[in-house]
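Here is how the chains run, residue by residue.
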Amino acid sequence: MTLRLASISIDLDETPRYTAIHGLEQPSGPAAHAIYDAAVPRLEAWLEEESIPATFFVVGEDLERDENRASVARLHRAGHEIGNHSYHHHYDLTRRAAAEVHEEIERCAAIIEHACGTRPSGFRAPGYTVSDALFSALAVAGVAYDSSVFPCPSYYAAKALALSAFRAIGRRSESVLDTPAVMRAPRQPYRVGRPYWRRGDGILELPIGVTPLQLPFIGTSLVLGGERVAERLGKQMLGRELINLELHGLDASDAGEDGLDRLAVHRADLKRSAAEKLGAIRAAVRVIREAGYELVTLEEAARKFSDRPSR
Ligand SMILES: [Zn+2]
């Protein structure tokens, strides 16, 4: 049986994580909570209008704030899935000791359960960086699926270039690079083996979207490309059994309205309004829907793929 599923997942990294990537000072005032307070309501309104159940990957630490826990509980009640994005979002999670990795997964699962009443079933690694040890820890924690593998050469090259440019000008980014072998990973759902970019009988992996021309099918490409490019990229993804579109809260941010002008200096995506960016994302989703794809949470997609033998 061929599946035709599409999932939208949104990583709710709060603004201090972006300033950390760019090596900037921590934001203060409303800018420090701009993702939960401003971007989430915009995403919620859009998803409700189009009746799309989505997956929100949340950082445990962000749920220490009462308002954020309330937001996540509201998303969960509305039928969205809340996934585990680790407790502290350490970009170098895979370089930490096994006990700490375990703690990062468990603490985030616990605070999500506290907020929503349900333990999360899915995981996304900070900065998409995974390792065999991390997959072992996920298995021990009883995680049903992971969605972190991003086998995209242009993303990998851009990240490597940015990190070396940072070092050259003496700025420090907290981001770290995965092994280039990740690019050999399957583009479609698979059970991870050892190493994790090969098929095996481990945890179900739902890789993040890469087009047949090896372009990243993620929010950043859509919002920077605009509606026409977003439509074209959406068309290139048709035929996949799972179209896994990964967004960030920032894809629904508005630098002017949300007080993110200082971050906007360093990010082209923040030079577009929230309305423009959501317009481009909607255009890609429209193409996918019109081709007969069913929009489901990643948890639901994982359930459907789990019912089938691995190939
Ligand atoms: Zn993240």
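What counts as what
- Residues numbered from 1 in each chain as written.
- Predicted model: local features only at pLDDT ≥ 70, side-chain atom pairs only at ≥ 80, totals over all residues.
- Heavy atoms only, no water.
- Salt bridge = Lys/Arg side-chain N within 4 Å of Asp/Glu carboxyl O.
- Helix = DSSP H or I, 4+ residues; strand = E, 2+ residues; numbered from the N terminus.
- Buried < 20%, exposed > 50% of the residue type's maximum accessible area, 1.4 Å probe, protein only.
- Arc of directions from axis to C-beta.
- Contact = heavy atoms within 4.5 Å.
- Donors = N, O, S within 2.8 Å, 3.2 Å for Na, K, Ca; no water.
- Tetrahedral: all angles 85-135°; square planar, octahedral: opposite > 155°, others 65-115°.

Participant: Would you mind going over the pattern of salt bridges with me for this structure?
Facilitator: Once their charged atoms are close, side chains differing in charge can pair, the charge on each being opposite to the other. In total, this model carries 19 salt bridges according to the counting rule given. Note that Asp11 is salt-bridged to Arg124, the shortest N-O span being 2.8 Å. Taken together, the residues Asp11 in strand S1 (residues 5–11) and Arg124 in the loop between strand S4 (122–123) and helix H5 (132–140) connect sequence positions 113 residues apart. Exposure remark for Arg124: the relative accessible area of 0% places this residue in the buried category. A salt bridge links Arg96 to Asp92; its shortest N-O distance comes to 2.9 Å.

Participant: Teacher, can you tell me more about H5 here?
Facilitator: Residues lying three or four places apart along an α-helix face the same way, a consequence of the helix completing one turn every 3.6 residues. When we look at burial in H5, the residues that qualify are Leu134, Phe135, Ala137 and Leu138. Buried residues along H5 cover an arc of 160° about the axis, so they all sit on one side. Exposed residues on H5 whose side chains face more than 90 degrees from its buried face are Ala133 and Val140. Buried residues in H5 make contact with helix H4 (98–116), S4, strand S5 (145–146), strand S6 (190–192) and strand S7 (199–205).

Participant: Honestly, the coordination of the zinc ion in this entry has me stumped. Any pointers?
Facilitator: Around the zinc ion, the protein supplies Asp13 (OD), Asp13 (OD), His85 (NE2) and His89 (NE2) as donor atoms, at distances of 1.9 to 2.7 Å. For the zinc ion, the 4 donor atoms in the first shell make angles of 52 to 127° at the metal, so the coordination geometry reads as irregular. Of note, the zinc ion draws all its donor residues from one chain, in the sequence arrangement D-x71-H-x3-H. Highlighted residues: Asp13 in the loop between S1 and helix H1 (15–21) and His89 in the loop between strand S3 (81–84) and H4, separated in sequence by 76 residues.

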